[in-house]
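Chain residues, written in single-letter form:
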Amino acid sequence: MALSFQKLQAQLQPGWGCEQSGGSGQFDVLVVPSLSMDQALMALVTGAHHYEERQLFSLIRLRDPGVRAIYVTSKLLPELVVDAVLELMPGVPTSHARRRLHLFDTDDASNRPLTEKLLERPALLKRIRDLLRPGRSFISCFVVTELEKRLSEQLQVPLLGTDPALGYWGSKAGSRALFERCGVPHPPGSALVHNPEDLAEVAAELWEAHPRLRRCVVKLNEGVSGEGNATLNLEPLALAGRSARERRQALAAALAQLPMPAKGWRELMAQQGALVEAWLEGGDTLSSPSVQGTIHPGGRVELVSTHEQILGGAGGQTYLGCRFPADDDYRLELMHHGEAVGQALASEGALERYAVDFIARRIEGRWDLQAIEVNLRQGGTTHPTMALRAITTGELDPATGLFLAPTGQPVYYSATDNLTHPQLRGLLPADLIDIVAEADLHYDPARLRGSVFHLLGCLSEYGKLGMTCFGRSSAEAEAVYRATADGLIARASDLQAGSPAPGSGPG
């Protein structure tokens, strides 16, 4: 008799949530890095299906000789791309890890979610199921939706991730409810609404409660990476000089012209809802830190990282990259709030990765932290953290929030998914590796500095690359980032101009 999703999840073992189990792991992990998100939002991401490569850093589990991994992608990953990750892991021969890794693909490069493609291919699912050891296997996903839930039930393999029935706690409205429950400071905001008239009403009520408010943010309840957010400037509307009815009319007119990155956002609002939140201003410095954690089977909460997020795009709210760790001045406060939210999520039954995003303002010499949203999934800060854990056997120090190598030396990094340049287009992954080797840009474990790369599948077609750049200080990591970006672009320009390839010459 087939088990339900909930009964399958009851089979998850506490040790399966640990990326490093000290050599005691005896299980199989099926990695399905599907970006099962709103397709209107995913259409904004260049080379979306290549983002399935980012979860390759989860192969850190292969350090344990009793662990096997099955990794599925839309298109078959080149061996060079896989080996580039396996070779980073100290303490295990690449050949030994490779024997315990099985690669599958759907041979479908469309932008549809990978999980949807898998569910359409029963013969492929059978080959995967036949590899998995009964009672000692689980699924790891980037995000868990009804598609991943169906996959778990069809394979009869438990999934390590939050049940989509709990998705409310990762929405904008659910995040605000969590912050209220946990006593985590957050901006003033509205209830969830589903039509333009109600949106104008709650915007007016927010301004009337805070008449000094100059801007507010309209947020789709399930927006991703800032693509469902838009800023509304209130100053030109002269709300103070209008009657209550006139204020609502003025706001309705302004909201009708709102430039939201997500196309068709009003239709999305009708489906998922939207809310209005105060735009945080003031202070002489503004940043966007975040804290990440893992909820293990059994409910144990583990904080894994803090970051400074690098935002950009038309509205300045699109995620571009990150720096680890977050600023010294508020890192421990971030961790305190992250722990509180993690405990609340664990009490609701959430599992695996979660993150809390904040706005930090320095006002009269003191930092003010305000929580913005919760993400109940892996995200843009997940794979850089996995990369850090893959290249060193160190760990996060809970007393400081620093990641310490076995020598006790802190390790820092700067990371991006969006190193893009026209000169990079046309380069193959092999070309990249040659350039990196020639210019001494690769990660050196003895010096705890250098760069590792991802999104190699985007390189030739889109001139786009992801990288994580390490150093022994924040300044050194940033210097490595700049040197790597400049060096890659300069050498790529030479190659495109016809200069000899690295290592070429008379035989």
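Each residue is numbered by its place in its chain's sequence as written, counting from 1. Residues qualify for local features only when their pLDDT is at least 70, as the model is predicted, and side-chain atom pairs are given and counted only at 80 or more; totals for whole chains, interfaces and linings, by contrast, use all residues. Processing note: side-chain calculations cover all non-hydrogen atoms of the structure and skip hydrogens and water entirely.

Visitor: Just to check I follow, could you spell out the nonpolar core for this structure?
Guide: Nonpolar side chains in soluble globular proteins tend to be buried together. What makes a nonpolar core is a set of buried Ala, Val, Leu, Ile, Met, Phe, Trp, Tyr and Cys residues whose side-chain atoms join them at distances within 4.5 Å. Using a 1.4 Å probe on the protein chains alone, a residue whose accessible area is under 20% of its type maximum counts as buried, one over 50% counts as exposed, and one in between counts as partly exposed. L62, L101, F470 and L488 are the most contacted members of the largest nonpolar core, which totals 64 residues. Secondary structure follows DSSP: runs of H or I at least 4 residues long count as helices, runs of E at least 2 residues long count as strands, and numbering of each begins at the N terminus. For this core, the element with the most residues is helix α16 (residues 474–496), which contributes seven residues. Apart from the residues within four sequence positions on either side, L101 is in contact with L59, L62, A69, Y71, V82 and L86. A204, L213, L251 and A274 belong to the second-largest nonpolar core, a separate cluster that totals 29 residues. Residues count as neighbours in contact if any of their non-hydrogen atoms are within 4.5 Å of one another.

Visitor: Please explain the sheet that holds strand β5 (residues 215–220) as it appears in this structure.
Guide: For two strands to pair, DSSP has to find at least two bridges joining them. Across the sheet, three strands lie side by side as β6-β5-β7; this open sheet has antiparallel pairing. For this open sheet the edge positions go to β6 (229–233) and β7 (274–278), each flanked by a neighbour on one side alone. Direction aside, neighbouring strands of the sheet carry axes that sit 25° apart on average. Between N-to-C directions, angles span 0 to 180 degrees; the directions come from axes that are lines fitted to C-alpha atoms, helices contributing only their stretch in contact. Here helix α8 (residues 172–182) sits on the sheet in contact with β5, β6 and β7, set at roughly 50° to β7.

Visitor: Got a minute to help me understand the side chain of S171 in this structure?
Guide: Inspection of the secondary structure assignment puts S171 in the loop between α7 (146–155) and α8. According to the relative accessible area criterion, S171 is buried, its value standing at 4%. Within polar-contact distance, the side chain of S171 engages the backbone nitrogen of G174 at 3.0 Å. Any N or O atom pair separated by 3.5 Å or less is treated as a polar contact, with the protein-specific requirement of one donor-capable and one acceptor-capable atom, and with residues adjacent in sequence counted only for side-chain atom pairs.

Visitor: Looking at this structure, I do not really get the confidence of the model for the chain. What am I missing?
Guide: Summary statistics for the chain give a mean pLDDT of 91 and a share of 94% for residues scoring 70 or more. Within the chain, helix α12 (residues 331–348) carries the highest mean pLDDT (98), whereas helix α2 (residues 39–42) carries the lowest (64). On a scale of 0 to 100, pLDDT captures the predictor's confidence in every residue.

Visitor: What's the story with the pattern of salt bridges in this structure? I'm lost.
Guide: It is possible for side chains bearing opposite charge to pair when their charged atoms get close. A pair is scored as a salt bridge if a Lys or Arg side-chain nitrogen falls within 4 Å of a carboxyl oxygen belonging to Asp or Glu. The final tally for this structure, using the stated rule, is 32 salt bridges. For the salt bridge of E277 with K219, the shortest nitrogen-to-oxygen distance reads 2.8 Å. Of this pair, E277 sits in strand β7 while K219 is found in strand β5, placing the two residues 58 residues apart along the sequence. Residue E277 shares its accessibility class with K219, and that shared class is buried. One salt bridge in this structure joins R482 and D486, with 3.9 Å as the shortest N-O distance. Remark: D486 and R482 occur in helix α16; sequence separation between them is four residues, near one turn of the helix.

Visitor: When you look at helix α11 (residues 265–272) in this model, what are you seeing that I'm missing?
Guide: Structurally, the α-helix is built with 3.6 residues per turn, so residues lying three or four positions apart point the same way. Taken residue by residue, α11 has W265, L268, M269 and Q272 as its buried positions. Each buried residue of α11 sits inside an arc of 105° when the element is viewed along its axis, so together they form one side. Facing away from the buried side of α11 by over 90 degrees, the exposed positions are E267 and Q271. Residues of α11 that are buried sit in contact with α9 (196–209), β5, α10 (244–256) and β7. Looking one or two residues past α11, G273 carries a phi angle of roughly 90°, positive in sign. Starting at the helix axis, one direction is taken to each C-beta atom, and the arc is that of these directions.

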